[in-house]
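Structure assessment
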Amino acid sequence: MAGWQFWKTLFGADPRAADARRVHAVVPAEALQRLTACVTASEARHTGQVRLCIEARLPPSYVRREATARERAITLFGKLRVWDTEDNNGVLIYLLLSQHAIEIVADRGIDRHVPTTVWQDMVAGLSADLRAGRYEEGLRQAIEAVTAELARSYPRAPGAPRDNTLPDTPVVL
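Below you will find a few notes about this structure. Owing to the predicted nature of the structure, the values given are computational and were not obtained by experimental measurement.

Inspection of every chain in the model, using the stated rule, returns zero aromatic pairs. The ring of tyrosine 62 carries the charged tip of arginine 65 above its face, separated from the ring centre by 4.5 Å. Arginine 72 extends its terminal NZ or CZ atom over the ring of tyrosine 62, reaching a point 5.0 Å from the ring centre.

Here it is in structure tokens:
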């Protein structure tokens, strides 16, 4: 029996649903809609793809092996197919609520243009909003910061059609 099924048998609830409720408690549906609009507006300015993922806590398998939020973000980068863009210019913004951690994972195309220190500085600057419980504001700022780098390195030509290969809606886990 899978871990969550065992939990459900014992306690009558699926912990994954509880985690999603926890995310929605701090980033309600209206905020997710505004963040979706931010991603859509972002991608109108460049040819990259931005994915936003919010997770309540690390899965038990990650906790058992003492994995970091960064490791989880890299895994989700692949699972959410952020790497699957024509110019390898996808960026994942990952928020782990339980640790107030934010991670930015950029594909190899954008990494050629943006030094790792830029992403690290971005994350450090956003951490204050997260610690203060300003999740929507912190995520909006993350999207804007990533947008600035993508627009500089991969600007969208005026009038060029938007090839939206990844959904703009945040992923809630």
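Let us now look at the sheet that holds strand β4 (residues 171–172). Strands pair in a sheet through their backbones, by hydrogen bonds, and they do so in one of two ways: parallel or antiparallel. With mixed pairing, four strands are arranged side by side in an open sheet as β3-β2-β1-β4. Of all strands in the sheet, those bounded by a partner on one side alone are β3 (101–106) and β4. Relative to strand β2 (residues 90–96), strand β1 (residues 49–55) runs parallel, the two sharing seven bridges. Within β2, the position partnered with leucine 52 by the bridge is isoleucine 93.

To continue, consider unusual backbone geometry. Of note in this structure, asparagine 88 is not a glycine but carries a positive phi near 50°. Relative to the assigned elements, asparagine 88 resides in the loop between α5 (69–79) and β2. Asparagine 88 gets classed as buried once you look at its relative accessible area, which sits at 15%. One non-glycine residue with positive phi stands out, namely histidine 100, at about 50°. Note on placement: histidine 100 falls in the loop between β2 and β3.

In this section: the pattern of salt bridges. Counted according to the given criterion, the structure contains 10 salt bridges. Between arginine 34 and glutamate 136 there is a salt bridge, and its shortest N-O distance comes to 2.6 Å. In this pair, arginine 34 is assigned in helix α3 (residues 29–43) and glutamate 136 in helix α8 (residues 135–153), connecting sequence segments 102 residues apart. The residue arginine 72 makes a salt bridge to glutamate 55 at a minimum N-O spacing of 2.8 Å. One end of the pair, arginine 72, is in helix α5; the other, glutamate 55, is in strand β1, and 17 residues separate them in sequence.

With that settled, consider the environment of leucine 126. Here leucine 126 is to be found in helix α7 (residues 116–131). Take leucine 126: its relative accessible area is 4%, and that puts it in the buried class. In this structure, the C-alpha to C-alpha distance between leucine 126 and glutamine 141, residues 15 residues apart in sequence, is 7.3 Å.

Cut-offs applied
Residues numbered from 1 in each chain as written. Predicted model: local features only at pLDDT ≥ 70, side-chain atom pairs only at ≥ 80, totals over all residues. Heavy atoms only, no water. Phe/Tyr/Trp six-rings, centres within 6.5 Å; stacked < 30°, edge-to-face > 60°. Lys NZ or Arg CZ within 6 Å of the ring centre and 35° of its normal. Pairing = 2+ DSSP bridges. Helix = DSSP H or I, 4+ residues; strand = E, 2+ residues; numbered from the N terminus. Buried < 20%, exposed > 50% of the residue type's maximum accessible area, 1.4 Å probe, protein only. Salt bridge = Lys/Arg side-chain N within 4 Å of Asp/Glu carboxyl O.

The values are spatial; any link to function lies outside them.
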